[in-house]
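# Survey of secondary and tertiary structure
These are the residues of each chain, in order.
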Amino acid sequence: MKAELSVKTDSRNQLVDITSRVEEFIGDNGIEDGIVIVYTPHTTAGITINEDADPSVRSDITNFLSKLIPHEAGFSHAEGNSDSHIKSTLTGASETIVIENGRLILGRWQGIYFCEYDGPRSRRVILKAISG
Ligand code: ZN
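Just so you know, these numbers come straight off a predicted model, no measurement behind them.

The next thing to look at is the overall build of the protein chain. The number of helices and strands found in the protein chain is three helices and eight strands. Reading the protein chain from its N end, one meets helices and strands in the order β-β-α-β-β-α-α-β-β-β-β. Relative to a compact globule of 132 residues, whose C-alpha radius of gyration would be 14 Å, the protein chain shows 15 Å and is just as compact. Summarising its shape, the C-alpha atoms of the protein chain cover approximately 50 × 30 × 20 Å along the three principal directions. Split into buried and exposed, the 132 residues of the protein chain put 39% on the buried side. Across the protein chain, contacts joining residues at least 24 apart in sequence account for 82% of those joining residues at least 6 apart. Accessible surface, the protein chain: about 7,100 Å² in total, of which carbon and sulfur atoms supply 49%. Placing the 13 positive and 19 negative side-chain charges of the protein chain at their respective mean positions leaves the two points 4 Å apart.

Bringing the coordination of the zinc ion into the picture now. Donor atoms from the polypeptide that coordinate the zinc ion comprise His77 (NE2), Glu79 (OE), Asn81 (OD1) and His85 (NE2), at 1.8 to 2.2 Å from the metal. Taken together, the four donor atoms coordinating the zinc ion span angles of 91 to 149° at the metal, a pattern that classifies the geometry as irregular. Of note, the zinc ion draws all its donor residues from one chain, in the sequence arrangement H-x1-E-x1-N-x3-H. On the basis of relative accessible area, His77 is assigned to the partly exposed category, the value being 34%. Since its relative accessible area comes to 21%, His85 is described here as partly exposed.

With that settled, the discussion passes to the side chain of Thr91. Of note, Thr91 is situated in helix H3 (residues 82-91). Of note is the side chain of Thr91, whose polar atom sits 2.9 Å from the backbone oxygen of Lys87. Ignoring any residue separated from it by four or fewer positions in sequence, one finds Thr91 in contact with Gly46, Ile47, Thr48, Cys115 and Tyr117.

A word on the sheet that holds strand E5 (residues 94-100). Ordered by their spatial adjacency, five strands build an open sheet running E1-E8-E3-E5-E6, and the pairing between neighbours is antiparallel. Among the strands making up the open sheet, the edge pair consists of strand E1 (2-8) and strand E6 (103-104). Looking at chain direction, E1 and strand E8 (residues 122-131) are connected through seven bridges and run antiparallel. Paired with Ala3 across the bridge in E8 is Leu127. Those strands touched by helix H1 (residues 19-28) are E1, strand E3 (34-39), E5, E6 and E8, and its axis lies near 160° from that of E1.

This paragraph deals with helix H2 (residues 56-68). Taking 1.5 Å per residue, 13 residues should reach 18 Å; H2 reaches 18 Å between its end C-alpha atoms and fits that length. Contacts from the buried residues of H2 go to strand E2 (14-17), strand E4 (45-51) and H3.

Reading the values: rules and limits
- Residues numbered from 1 in each chain as written.
- Predicted model: local features only at pLDDT ≥ 70, side-chain atom pairs only at ≥ 80, totals over all residues.
- Heavy atoms only, no water.
- Helix = DSSP H or I, 4+ residues; strand = E, 2+ residues; numbered from the N terminus.
- Rg over C-alpha atoms; globule rule 2.2 N^0.38 Å.
- Buried < 20%, exposed > 50% of the residue type's maximum accessible area, 1.4 Å probe, protein only.
- Contact = heavy atoms within 4.5 Å.
- Areas by Shrake-Rupley, 256 points an atom, 1.4 Å probe, with all protein chains shown as cover.
- Lys, Arg positive; Asp, Glu negative; His and termini not counted.
- Charge placed at Lys NZ, Arg CZ, Asp CG, Glu CD.
- Donors = N, O, S within 2.8 Å, 3.2 Å for Na, K, Ca; no water.
- Tetrahedral: all angles 85-135°; square planar, octahedral: opposite > 155°, others 65-115°.
- Polar contact = N/O pair within 3.5 Å; in protein donor to acceptor, adjacent residues only side chain to side chain.
- Pairing = 2+ DSSP bridges.
- Axes fitted to C-alpha atoms, helices over the stretch in contact; angles between N-to-C directions.
- Expected span 1.5 Å × (residues − 1).

The structure is reproduced here in structure tokens:
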């Protein structure tokens, strides 16, 4: 089973919680056991799993990455967004989550995030579930 989510972002760097949308996909398709791959086909975005209790964790992550990789750091790439590409590579384009008894196995404080590093934009997230 496969689905595509549309994620709209409203700033250059932003983590968007998509956990409930992944859970909805699992529920709608009646997947009891297996895995789901959450993947984004963009070179300036990423997917990560991290804390969803305190929203300041999200801003700490994006703020620290921006401090670590400044926008204007003398990169060669003519498009001027090498910082976004590097953040994307550090984050990775996908996560795989195990499904058991119709639910995602996530820790109590974990959420699934779409990571925007060159927004605002309209982005795609691909969900692919494999039963078994
Ligand atoms: Zn570029």
